[in-house]
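Observations on the three-dimensional arrangement
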Amino acid sequence: MATCEVCGNDYDGAFTIEKDGARHVFDSFECAIHALAPTCAHCGCRIIGHGHQAGGQMFCCAQCARHAGVEGVSDRAD
Ligand SMILES: [Zn+2]
Ligand SMILES: [Zn+2]
């Protein structure tokens, strides 16, 4: 049994994620995303895909990067 660090749920299916050398325990991906996923610098939504790093900021999509004035960002995932 492990306790989710976001919602406090005791759950035998909890899992750990190691990020930046720190271990985190979650009962669901929703809680993991809530705690760890970066937010888009333009619209503020959680980035759960690759995201776009541009101009030193993270964006959920190329559209948001362009709205924020970052040029030359495409939605290609490669
Ligand atoms: Zn939880
Ligand atoms: Zn966005």
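Given the structure is predicted, the values throughout are model-derived calculations rather than measurements. (Residues numbered from 1 in each chain as written. Chains lettered and ligands numbered in written order. Predicted model: local features only at pLDDT ≥ 70, side-chain atom pairs only at ≥ 80, totals over all residues. Heavy atoms only, no water.)

1. Considerations on the pattern of salt bridges
The condition is simple: The term salt bridge refers to a side-chain nitrogen of Lys or Arg lying within 4 Å of a carboxyl oxygen of Asp or Glu. To sort residues, take the accessible area from a 1.4 Å probe on protein chains only and compare it with the maximum for the residue type: under 20% means buried, over 50% means exposed, and anything in between is partly exposed.
A full pass over the atoms with the stated rule returns 2 salt bridges. Between E18 and R23 there is a salt bridge, and its shortest N-O distance comes to 3.4 Å. Judged by relative accessible area, E18 falls into the exposed class, the value being 56%. A relative accessible area of 57% places R23 in the exposed class.

2. What to know about the coordination of the zinc ion (ligand 2)
Convention followed: Donor atoms: N, O and S within 2.8 Å of the metal, or within 3.2 Å for Na, K and Ca. Because water is excluded, sites can look incomplete. Strands here are runs of E lasting at least two residues and helices are runs of H or I lasting at least four, both read from the DSSP assignment and numbered beginning at the N terminus.
Coordination of the zinc ion (ligand 2) by the protein is provided by C40 (SG), C43 (SG), C60 (SG) and C64 (SG), with metal-donor distances spanning 2.3 to 2.4 Å. One chain supplies every donor to the zinc ion (ligand 2), and in sequence these donors are spaced C-x2-C-x16-C-x3-C. Within this pair, whereas C43 is found in the loop between α1 (29-36) and β5 (52-54), its partner C60 is found in the loop between β6 (57-59) and α2 (62-67), the two being separated by 17 residues in sequence.

3. Some thoughts on the coordination of the zinc ion (ligand 1)
Which entries qualify depends on this criterion: Any coordination sphere not matching a tetrahedral pattern (four donors, all angles between 85 and 135 degrees) or a square planar or octahedral pattern (four or six donors, opposite donors over 155 degrees apart, other angles between 65 and 115) is reported as irregular.
Protein coordination at the zinc ion (ligand 1) comes from C4 (SG), C7 (SG), D27 (OD) and C31 (SG), with a distance range of 2.1 to 2.3 Å. Considering all 4 donor atoms around the zinc ion (ligand 1), the spread of angles at the metal, 92 to 119°, places the coordination shape in the tetrahedral class. Counting residues between consecutive donors of the zinc ion (ligand 1) along the chain gives the motif C-x2-C-x19-D-x3-C. Here C7 is found in the loop between β1 (2-3) and β2 (10-11), whereas its partner D27 is found in the loop between β4 (22-26) and α1, with 20 residues between them in sequence. On the basis of relative accessible area, C7 is assigned to the partly exposed category, the value being 46%. Owing to a relative accessible area of 14%, D27 belongs among the buried residues under this scheme.

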